[in-house]
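Next come the chains, spelled out residue by residue.
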Amino acid sequence: MFGYVIINKGDMKFKEFDIYHAYYCGLCRMLKEKYGLWGQMTLSYDMTFVIMLLTGLYEPEETAGSCKCAAHPFEKHGMRTNEFTEYAADMNLLFSYYKCKDDWEDDRKYSQRFYAALLRKGYREIEKKHRGKTRKIEKLIGRLGKEEKKGCRDIDKMSGLFGEVMAEIMVCKEDIWKENLYRIGLYLGKFIYLCDAYEDIEKDLKNGSYNPLFGIYESTDFEEECRGILTMMMAECSKEFEKLPILENAGILRNIIYSGVWYRYERVRARRKSEEKEQAKKNE
């Protein structure tokens, strides 16, 4: 379910993109330093959003610099790190480890079982460091897996379980902002879970895999229902975001919340419309 919380590059200034990319590179470097090459391979844009949100809210001291890497071997590029970079690296690896285990248990993907084994050492370190949070997330993912195996079609219940996982990741401190961050994570997580289901619905039907949207898929209003639910989720998420006193990089965060998260959804919807038109022409 990675890859939904991204920027809309077309609506972003060059300077803003450089800043965003510097946090992304900082996360990449942190993953490699803490968890090696296999940990670095779990890198995602989603956790870059977490870093920037928490950085904008708490305004920690930062380390800025430049570096070269395998992806950009010929020129240096900016890099920013702070205390939340390390936290996001931990959460990134933790979530990747659980995803590998889930893929193995659901689909018996041996590649994912092998990858989980490579990440296990890092997972154990995180488990010791974030014991309470790790246990909460593990229980939630376990409940989600059980309900999926039962074939639960309660959309709010299923998306809510994944939303709670994201909420736990978003909340890093017990303070006055805990509730706002929790709700941002909750609704963002619901959006991600349902967007993933929306994108995979045809594949899941073909493969006989679980999908929480099966109950409404045959409805003539399927597209409108999905759009309405997703819009509601992001409306709640953005409402909580606007309550936070964030000034630094607020434009980048709004780009992600109001536009970037919709990129994959819009791409899938456009593809389906195109396929429907082609099918209609064939039937004429």
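The coordinates are above.
Residues numbered from 1 in each chain as written. Predicted model: local features only at pLDDT ≥ 70, side-chain atom pairs only at ≥ 80, totals over all residues. Heavy atoms only, no water.

Novice: Which residues make up the environment of K281, and what are the values?
Specialist: Within the fold, K281 resides in helix 11 (residues 263-283). Taking relative accessible area as the criterion, K281 reaches 63% and is therefore assigned exposed. Taking the C-alpha atoms as reference points, K281 and G56, 225 residues apart in sequence, are found 51 Å from one another. (Helix = DSSP H or I, 4+ residues; strand = E, 2+ residues; numbered from the N terminus. Buried < 20%, exposed > 50% of the residue type's maximum accessible area, 1.4 Å probe, protein only.)

Novice: Break down the packing of helix 1 (residues 14-40) against helix 10 (residues 250-258) for me, with residues and values.
Specialist: Axis separation between helix 1 and helix 10 bottoms out at 10 Å; the angle between their running directions is 85 degrees. Relative to helix 10, helix 1 is oriented roughly perpendicular. Residues E16, I19 and Y20 of helix 1 pack against G251, I252 and I256 of helix 10. Looking at the contact of helix 1 with helix 10, its residues break down into 4 nonpolar, 1 polar and 1 charged. (Axes fitted to C-alpha atoms, helices over the stretch in contact; angles between N-to-C directions. Parallel < 35°, antiparallel > 145°, perpendicular 65-115°, else oblique. Contact = heavy atoms within 4.5 Å. Nonpolar A, V, L, I, M, F, W, Y, C, P; charged D, E, K, R; others polar.)

Novice: Explain the packing of aromatic side chains to me, using residue names and the numbers behind them.
Specialist: Throughout the structure, instances matching the rule amount to 13 aromatic pairs. Look at Y20 and Y45: their rings are 6.0 Å apart centre to centre, the planes differ by 10 degrees, and that puts the pair in the stacked class. Taken together, the residues Y20 in helix 1 and Y45 in the loop between helix 1 and helix 2 (46-58) connect sequence positions 25 residues apart. Every member of this aromatic cluster is reached through a ring pair, and the members are F191, Y198, Y217, F222, W262 and Y265. A cation over a ring is seen here: R264 above Y4, with NZ or CZ 4.0 Å from the ring centre. (Phe/Tyr/Trp six-rings, centres within 6.5 Å; stacked < 30°, edge-to-face > 60°. Lys NZ or Arg CZ within 6 Å of the ring centre and 35° of its normal.)

Novice: A description of a positive patch on the surface should follow, citing residues and the corresponding values.
Specialist: Together, R113, R120, R124, K128, R131, R135 and K139 give the surface a local cluster of positive charge. Among the elements of the structure, helix 4 (110-129) and helix 5 (131-150) are those that each provide at least two residues to the positive patch. When residues in the positive patch are grouped by element, the largest group, 4 residues, is from helix 4. (Patch = residues over 30% accessible without salt bridge, like charges linked within 9 Å, V, L, I, M, F, W, Y side chains within 5 Å. Areas by Shrake-Rupley, 256 points an atom, 1.4 Å probe, with all protein chains shown as cover. Salt bridge = Lys/Arg side-chain N within 4 Å of Asp/Glu carboxyl O. Lys, Arg positive; Asp, Glu negative; His and termini not counted. Charge placed at Lys NZ, Arg CZ, Asp CG, Glu CD.)

Novice: Hey, could you go over a nonpolar patch on the surface for me, with residue numbers and the actual values?
Specialist: On the surface, L37, W38 and M41 cluster together into a nonpolar patch covering about 330 Å² of accessible area. Secondary-structure assignment places W38 in helix 1.

Novice: I'd like a description of helix 10, backed by residues and values.
Specialist: For helix 10, the set of buried residues is A250, I252, L253, N255, I256 and I257. Packed against the buried residues of helix 10 are helix 1, helix 2 and helix 9 (222-241).

Novice: I'd like a rundown of the nonpolar core, residues and numbers included.
Specialist: One finds F49, L53, L181, L188 and L213 to be the most contacted residues of the largest nonpolar core, which totals 85 residues. Residue contributions to this core peak at 13 residues, all from helix 7 (residues 178-207). In this structure L213 touches I155, L194, A197, Y198, I201, F222 and C226, once residues within four positions along its chain are discounted. (Core = buried A, V, L, I, M, F, W, Y, C linked by side-chain atoms within 4.5 Å.)

Novice: Tell me about the side chain of R264, and please be specific about residues and values.
Specialist: Examined against the element boundaries, R264 turns out to sit in helix 11. Dropping the residues within four chain positions of it, R264 is found in contact with F2, G3, Y4 and E199.

Novice: Provide a residue-level description of the pattern of salt bridges, including the pertinent values.
Specialist: All chains considered together, the criterion is met by 22 salt bridges. The partner of D156 in a salt bridge is K190, with the nearest N and O atoms 3.0 Å apart. Here D156, found in helix 6 (residues 155-170), pairs with K190, found in helix 7; they are 34 residues apart in sequence, far enough to count as distant. A relative accessible area of 9% places K190 in the buried class. Here R271 makes a salt bridge to E275, at a shortest N to O gap of 3.2 Å. Here the residue R271 and the residue E275 both occupy positions in helix 11, the gap between them amounting to 4 residues, near one helical turn.

Novice: Go over the environment of L31, please, and point to the residues and values.
Specialist: Mapped onto the elements, L31 comes out in helix 1. Excluding residues within four positions of it along the chain, L31 makes contact with G36, G39, Q40, T42, L43, A89 and N92.

Novice: Could you give an account of helix 5, naming the residues involved and the relevant values?
Specialist: Given 3.6 residues per turn, any residue in an α-helix points the same way as the ones three and four places further on. Given a rise of 1.5 Å per residue, 20 residues ought to cover 28 Å, and the 29 Å separating the end C-alpha atoms of helix 5 matches this to within 8%. Taken together, the buried positions of helix 5 are occupied by K133, T134, I137, L140, I141, L144, G145, E147 and E148. Projection of helix 5 onto a plane perpendicular to its axis shows the buried side chains occupying an angular sector of 165 degrees, all on one side. Exposed residues on helix 5 whose side chains face more than 90 degrees from its buried face are R135, K139, K146, K149 and K150. (Expected span 1.5 Å × (residues − 1). Arc of directions from axis to C-beta.)

Novice: Describe the state of the cysteines, with residues and values.
Specialist: Across all of its chains, the model carries 0 disulfides by this definition. In this structure C226 is a free cysteine whose sulfur lies 9.1 Å from that of C195, the closest cysteine sulfur available. (Disulfide = S-S within 2.5 Å.)

Novice: An account of unusual backbone geometry is needed here, citing residue identities and associated values.
Specialist: Leave glycine aside and you will find that most residues have negative phi; peptide bonds, for their part, are mostly trans. At E59, a position not held by glycine, the phi torsion is positive, near 50 degrees. Within the secondary structure layout, E59 lies in the loop between helix 2 and strand 1 (63-67). In this structure, N249 is a non-glycine residue whose phi angle is positive, near 60 degrees. Here N249 shows up in the loop between helix 9 and helix 10. Look at N249 and you get buried, because its relative accessible area is 15%.

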